[in-house]
Amino acid sequence: MISYGRDTNTGRRAAVKSISGKVLDESSQGLPGVSVVLKGTQTGTTTNGEGAFQLDIPEASTDAVLVFSFVGYKSQEVVLGSQTAITVNMALEDKSLQEIVVIGYGQVKKSDLTGSVASIKSTELNAYPATNLIQSLAGRAAGVYVSQNTGAPGSAISVRVRGTNSIQGSNEPLYVVDGFPYSGNPTLLNNADIESIEVLKDASATAIYGSRGANGVVLITTKRGKSGKVTVDYDGYYGVQSVRKKIDLMNATEYANFYNEQAANDGLPAHFTQDQINGFGEGTDWQDVVFQKAPIQNHSLTVSGGSDKTRFSVAASNFNQGGIVKGSDYVRNALRVNLSSDIGKKFKFDLSSILSRIDSDRKNSERGNRGGTLMSAMLSGYPTIAPTLPDGSYSRLAEAYAWGSNVITNPLNYLEQFSDKIRSNKILANASVTFEPIKGLQLKTLAGIETTDDKTDTYTTTKFVNSKGAASIGTAQVSNLLSENTVSYLKDFGKHSISAVAGFTYQDYTATSFNASGTGFISDNQETYDIGAAATQNVPSSSYSNWALLSYLARINYTFNSKILATVSFRADGSSRYSEGQKWGYFPSAALAWRISEENFIKNISFISDLKLRAGYGETGNTSINPYFTLNQLASNQVVFGDALNIYYAPGTRLAGPLKWETTAQADFGVDFGVLNNRFTLTADYYIKNTRDLLNNVSLPSSLGYTFTIQNVGKIQNKGLELGINAAVLEGAFKWNLGGNISINKNKVVKLYGGNDILGSTIGAAVNDNVNILREGYPLGSFYGYVEKGYDDKGFIAYEDFNNSGTRDAGDKRIIGNPNPKFTYGLNSTMTFKNFDLTVFVQGSEGNDIFNLSLQGQGYDYGQALNMPREVYLNHWTPTNTNAKYPIIRTSSQAQMSNRFVEDGSYLRFKNISLSYNLPVSSLNIKWLTRAQIYVSGQNLITFTKYSWYDPEVNSYGSGNSFVQGVDHYVYPAAKTTTVGLRVGF
């Protein structure tokens, strides 16, 4: 078709012709958003939602060429000739090399990486239900070890990138959300909002984050809008959770016989008559009283699109997880708004914002012993006692047997008469303006804010056993302000390419809290909403904390002929936390890579598609101390003089001293290898990390008036090997893709103050003692205790007397286990046939030990009438069974912290099994629908492990700076889940 338009040079009407057509992707589906430009001009358009386009070009263009380009596809040029209607089939680029990877303060092509970076895309993150985004990292990236402290909804997650570096400071990585360094675990995010996660592992990649990069950096990028048709996407699922396994406990009959045997061994009359025993039957399994099947669901709706100038993405989501322990749940509602706008040709505006509300009812009464917490009471509860009396009131377990525990509590008290609610409002927002005065040069200023407003209400009703009513209220506020100003430059000079960034940042963090509590309430109606009604009101408390960080940073990337790649970075951090003269830390790094596959002698080997050698070194830090640890502080207290209550201030027990940064120096050597057009790829890294100037407590003589001080006196080393493999095993009608990784890390304490051991905190169930230790030459957090040598002739546990003192004492303790795994791994298999996808994700850990403190309290505390595992009844010491697993059943039997409780924590778990069906919307000519997928899946359905308790993924005392690791102490158990889900796009 020919029409006429006005020639801008002559003012005359010029003939134009209309070119129309359709652009198809690799599956012959219409591809929206493809750029279509008349070569050599600025005349162009983009394809619509169906991949169609229409473009008017001058009729005189007899040799016209249209250029088609789209991210992830090879650009194509089509000579028009006399054609006015064309169809173009776009071909995918080699994704593995052209893929864009986000790095600190920038992004690069994967082929140009010089450091060790793991990238996890949204499809992997959304493969199965997860309360916390970080849970989805488990098994996905080599060198990243993820453990959930408990199975409670919303419970804390521990992440270690290439091992543990610090004693005093946090060992959690730094999370950066859309460029904002977040202050903790980003629980405000919904998985469906995430575009990608990059984990920066080696120092050459993390040094740009300086004093916060020692534990690795996790870069989280949320989804942004693209120009073109407005799209609406829904992603939702509904699942049912149940406890993965139950502990096989004694029933009522076995329990009665068991304790009659104990009474006989103790020389006491039987506790139960035979008539009573005959009438008990199975009795009560308190696990059935506490556990339930619980729903889990998530719904996310995203609207995105925009024009060439302005693009947007708006998402709303609801995540709702009921707990497998009755009365517990976790609900998160979130709203995300991302906006990008080109203001003229020189300016660009970007906005990223997330608002989140978290509501959680917690039943986290864990640890403890003898039935004094919910989890302990559930397992210890007497099977001979019904949960309720005929009048409907709770049975009082502590009064049931005079020879039983005096703290054991009917679990119904915790489930129905105790509440622990947290309400958290979180906001994360940042906005930036980018100015590009000349091509390749960009000046960017960014301002961001993170706020958190938490309120915790805890109430124990007057119906709780022995309670007069108790209420407490806690509030916590966080304000985190960020200012970043950077300049970046990108330029190609023939075979040379330079990319550089430099700038300065300022971050200011303030945290406040307030707590009030009281006991003795006339009525339960108001719970925590009238704490002034308490008969006894405790002294309220409040706190304030502030720190600031000023930083200067620079990085330059150089590429020669796509063969030689070099990166050099430097960051200087000034922190208000440290002493005068020690406030500044300096963190350099350098990396070099050689793409051998670009050399002529390799190009002739047709099956090698990629071969790159990498080497890097850098130093990073850890802001390991509280903001005021370098200052002598006074603490307030109260004292009575006469009849008056007076306030006074006094020094604490810690002597302040000059402190400096903990510094981690890391060297990394890696290789990237791909064959058959990267159908099979391998990434391997070997690293050595040495952390020096570890902050550590040092004891002081009491004559000084202080008990301890903190000094920079320790060293820790981590070294390891990481392997990642991806393979397109089968292609064609039946496709099979495999991806796997394995990580080996060896941790060692190199130096401690004076070579002295550091013991972990005292914990216990049947007995209280230290479990973990720091000792030179051994892994951090090693288990420490006595070594058994069987039973004596009376059936009591006997221990090795290593120091020949004739008695059991601390000198007989030895290293008895290691909570750190020898290696961790993950394997993901995806099979596709026609419209069906079968995905199997396996994740595991090998060689780590678990100290089963729950078993100590549940299997060896014989003087408290506690219920116990059935195997204690079936396999304990008697004169005719001297090789039994458990000692003689007597009140005087005691179990110490020993190797008896160290179990193999290795496991292999089918983390997710999913079968999905993709509706053929194009074949069915459903124009209003762009995609539709329905799936069924199961999580944690199959686990292979030798661990005897609820679940091997446990870490009762896990936290950012705790070296008491690998302990299982009456925790909320993990769940298994079956799910059905739907993903649709409009």
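As the structure is a prediction and not an experimental result, all values here were calculated from the model.

The next thing to look at is the overall build of the protein chain. Check the secondary structure of the protein chain and you find 11 helices and 54 strands. Over its C-alpha trace the protein chain gives a radius of gyration of 32 Å, about what one expects of a compact globule, namely 30 Å for 986 residues. Taken along its principal axes, the extent of the C-alpha atoms in the protein chain is 115 × 65 × 65 Å. Contacts in the protein chain between residues at least 24 apart in sequence constitute 68% of all its contacts with a sequence separation of at least 6. When the accessible surface of the protein chain is split by element, carbon and sulfur atoms take 55% of a total near 42,600 Å². For the protein chain, the centre of its 87 positive side-chain charges and the centre of its 85 negative side-chain charges are spaced 6 Å apart.

Strand order across the open sheet formed by 5 strands is 11-16-17-14-15, with mixed pairing between neighbours. Every other strand in the sheet has two partners, leaving strand 11 (117-121) and strand 15 (180-181) as the edge strands with one partner each. Strand direction decides the pairing type here: strand 14 (residues 174-177) and strand 17 (residues 217-222), joined by 4 bridges, are parallel. Among the inter-strand pairings, Val177 is bridged to a residue of strand 17, identified as Ile220.

All right, on to the UniProt feature "domain: TonB-dependent receptor plug" (unreviewed entry) in the protein chain then. On the UniProt side, "domain: TonB-dependent receptor plug" (unreviewed entry) is annotated at positions that read residues 110-217 here. Its end C-alpha atoms 17 Å apart, residues 110-217 is made of 7% helix and 27% strand.

Applying the stated rule across the entire model yields 35 aromatic pairs. For the pair Phe272 and Tyr401, a centre-to-centre distance of 5.5 Å together with 90 degrees between the ring planes defines the contact as edge-to-face. With Phe272 in the loop between helix 4 (252-265) and helix 5 (274-280) and Tyr401 in the loop between helix 7 (374-380) and helix 8 (411-416), this pair connects stretches of sequence that are 129 residues apart. There is no split in this pair, since Phe272 and Tyr401 are both buried. Ring geometry for Phe291 versus Tyr950: centroids 6.0 Å apart, planes at 90 degrees, classification edge-to-face.

Here Ser782 is to be found in strand 43 (residues 782-785). Among the polar contacts listed, one links the side chain of Ser782 to the backbone oxygen of Pro779, at a separation of 2.7 Å.

Glancing now at the nonpolar core. Here is a general trend for soluble globular proteins: nonpolar side chains tend to be buried in one another's company. Judged by nonpolar contacts, the single largest core of 71 residues is most densely connected at Phe851 and Val967. Broken down by secondary-structure element, the contributors of at least two residues to this core are helix 4, helix 6 (286-290), helix 7, helix 8, strand 45 (797-799), strand 49 (849-852) and helix 10 (853-859). Apart from the residues within four sequence positions on either side, Val967 is in contact with Ile763, Val771, Asn772, Phe783, Phe851, Leu853, Val954, Asn955, Ser956 and Tyr957. Residues Ile120, Val161, Ile220 and Leu446 belong to the second largest nonpolar core, which totals 28 residues.

This part covers the pattern of salt bridges. Here the structure, examined in full by the defined rule, presents 44 salt bridges. Between Glu871 and Lys885 there is a salt bridge, with its nearest N and O atoms 2.9 Å apart. Of this pair, Glu871 sits in helix 11 (residues 870-874) while Lys885 is found in the loop between helix 11 and strand 50 (902-904), placing the two residues 14 residues apart along the sequence. Residue class for Lys885 comes out partly exposed when judged on its relative accessible area of 37%. Through salt bridges that share partners, Arg162, Lys201, Lys612, Arg614, Asp668, Asp672, Asp685 and Glu722 make up one connected network.

All right, on to the domain arrangement of the protein chain then. Taken domain by domain, the protein chain comprises domain 1 (16-89) and domain 2 (757-860 + 895-985). Averaged C-alpha coordinates put domain 1 and domain 2 at centres separated by 56 Å.

This next bit is on the sheet that holds strand 7 (residues 76-79). Spatially, the 4 strands line up as an open sheet ordered 4-3-6-7, and their pairing is antiparallel. Each edge of the sheet is formed by a strand with only one pairing partner; in this case those strands are strand 4 (44-46) and strand 7. In this sheet, adjacent strand axes meet at a mean angle of 20 degrees when their direction is disregarded. By the bridge criterion, 4 bridges tie strand 6 (residues 65-69) to strand 7 in an arrangement that is antiparallel. Among the inter-strand pairings, Phe68 is bridged to a residue of strand 7, identified as Gln76.

With that settled, consider the pairing of strand 35 (residues 662-675). With 11 of 14 residues buried, strand 35 is to be regarded as a mostly interior element. Summarising the sheet, strand 31 (residues 608-622) and strand 35 pair through 14 bridges and their orientation is antiparallel. For Ile608, the partnering residue across the bridge sits in strand 35 and is Val675. Sheet topology places strand 35 next to strand 36 (residues 680-699); 13 bridges connect them, and they run antiparallel. Bridge pairing links Phe669 to Tyr686 in strand 36. The turn linking strand 35 back onto strand 36 is made up of 4 residues, and Leu676 within it adopts a positive phi angle of 55 degrees.

Here we come to a nonpolar patch on the surface. Residues Tyr238, Val240, Phe836, Leu838, Leu915, Ile934, Val936, Val980 and Leu982 make up a contiguous nonpolar surface patch of about 730 Å² in total accessible area. The residue Phe836 is located in strand 48 (residues 836-846) in this model.

This next bit is on the environment of Lys735. Structurally, the position occupied by Lys735 is in strand 38 (residues 734-751). With 97 residues separating them along the chain, Lys735 and Thr832 place their C-alpha atoms 5.0 Å apart. Excluding residues within four positions of it along the chain, Lys735 makes contact with Leu730, Thr830, Met831 and Thr832.

This part covers the side chain of Thr114. Position of Thr114 relative to the elements: it lies in the loop between strand 10 (106-109) and strand 11. A relative accessible area of 7% places Thr114 in the buried class. A distance of 2.9 Å separates the side chain of Thr114 from the side chain of Thr567, its partner in a polar contact.

Here the focus is the pairing of strand 12 (residues 144-148). With 4 of 5 residues buried, strand 12 lies mostly within the body of the structure. Summarising the sheet, strand 12 and strand 13 (residues 157-161) pair through 5 bridges and their orientation is antiparallel. Note that in strand 13 the partner of Ser147 across the bridge is Ser158.

Take the confidence of the model for the protein chain next. Across the protein chain, the average pLDDT comes to 91, with 97% of residues at 70 or higher. Residue range residues 1-12 is modelled with pLDDT below 50. Its contacts to residues more than four positions away, or to other chains, number 23 contacts.

Below, the discussion takes up unusual backbone geometry. Non-glycine residue Leu676 carries a positive phi angle of around 55 degrees. Among the structural elements, Leu676 can be located in the loop between strand 35 and strand 36. One non-glycine residue with positive phi stands out, namely Asn804, at about 55 degrees. Positionally, Asn804 belongs in the loop between strand 45 and strand 46 (814-817). Its relative accessible area of 67% is what places Asn804 among the exposed residues.

The end-to-end C-alpha separation of helix 4 is 20 Å, in line with the 20 Å expected for 14 residues at 1.5 Å each. Against the buried residues of helix 4 lie helix 5 and helix 11. A side-chain oxygen of the first residue of helix 4 lies 3.1 Å from the backbone nitrogen of Thr253; this N-cap is Asn251. One or two residues past the end of helix 4 sits Gly267, with phi positive at roughly 75 degrees.

Turning our attention to the environment of Tyr255. Mapped onto the fold, Tyr255 is located in helix 4. Judged by its relative accessible area of 0%, Tyr255 falls in the buried class. Along the sequence, Tyr255 and Asn690 sit 435 residues apart, while their C-alpha atoms lie 54 Å from each other. The contact partners of Tyr255, leaving out residues within four places of it in the chain, are Met250, Phe272, Tyr382, Pro383, Thr384, Tyr401, Trp403, Ala865, Leu866 and Asn867.

Mapped onto the secondary structure, Glu172 falls in the loop between strand 13 and strand 14. A residue is classified by how much of its surface remains accessible, and Glu172, at 17% relative accessible area, is buried. Along the sequence, Glu172 and Thr253 sit 81 residues apart, while their C-alpha atoms lie 48 Å from each other. Among the polar contacts listed, one links the side chain of Glu172 to the side chain of Arg160, at a separation of 2.7 Å.

About the criteria used
- Numbers given to residues run from 1 along each chain, matching the order in which its sequence is written.
- This being a predicted model, a pLDDT of at least 70 is required before a residue's local features are given, and a value of 80 or more before pairs of side-chain atoms are given or counted; all residues contribute to the totals for chains, interfaces and linings.
- With hydrogens and water set aside, each side-chain value is computed from the structure's full complement of heavy atoms.
- Labels follow the DSSP assignment, with helices taken as runs of H or I lasting at least four residues and strands as runs of E lasting at least two, numbered in each case from the N terminus.
- When we talk radius of gyration, it's over C-alpha atoms, and the globule rule is simply 2.2 Å times the number of residues to the 0.38.
- Between two residues, a contact is recorded if the distance between any of their heavy atoms is within 4.5 Å.
- What sets the accessible areas is the Shrake-Rupley method with a 1.4 Å probe; for residues, cover comes only from the shown protein chains.
- For the purpose of charge, His is not counted, nor are the chain termini; Lys and Arg are scored as positive and Asp and Glu as negative.
- Where a charge lies is defined by one atom per residue type: Lys uses NZ, Arg uses CZ, Asp uses CG and Glu uses CD.
- By definition, two strands form a pair when at least two bridges between them are found by DSSP.
- UniProt positions are given in the numbering used here, feature names are shortened, and annotations may be inferred rather than shown by experiment.
- In this scheme Phe, Tyr and Trp rings, the latter by its six-membered ring, pair at centre separations within 6.5 Å, and the angle between planes marks the pair as stacked below 30 degrees, edge-to-face above 60, and tilted otherwise.
- Type-normalised accessible area, obtained with a 1.4 Å probe on protein chains alone, sets the label of each residue: buried when under 20%, exposed when over 50%, and partly exposed for intermediate values.
- We define a polar contact as two N or O atoms separated by no more than 3.5 Å, with the added condition that, inside protein, one atom must be a possible hydrogen donor and the other a possible acceptor, whereas residues neighbouring each other in sequence contribute only through side-chain atom pairs.
- Remark: nonpolar core denotes a set of buried residues (Ala, Val, Leu, Ile, Met, Phe, Trp, Tyr, Cys) joined through side-chain atoms within 4.5 Å.
- For salt bridges, the criterion is a side-chain nitrogen of Lys or Arg within 4 Å of an Asp or Glu carboxyl oxygen.
- Bear in mind that the domain bounds are from an automatic or database domain assignment.
- For helices, the fitted line uses only the C-alpha atoms of the stretch in contact; every axis is such a line through C-alpha atoms, and the angle between N-to-C directions lies from 0 to 180 degrees.
- A residue counts toward a patch only above 30% relative accessible area and without a salt bridge, and it is joined to like-charged neighbours within 9 Å or, for Val, Leu, Ile, Met, Phe, Trp and Tyr, to nonpolar neighbours within 5 Å.
- Summary of the metric used: pLDDT quantifies the predictor's per-residue confidence within the range 0 to 100.
- In this analysis, the expected span of each helix is defined as 1.5 Å times one less than the number of residues it contains.

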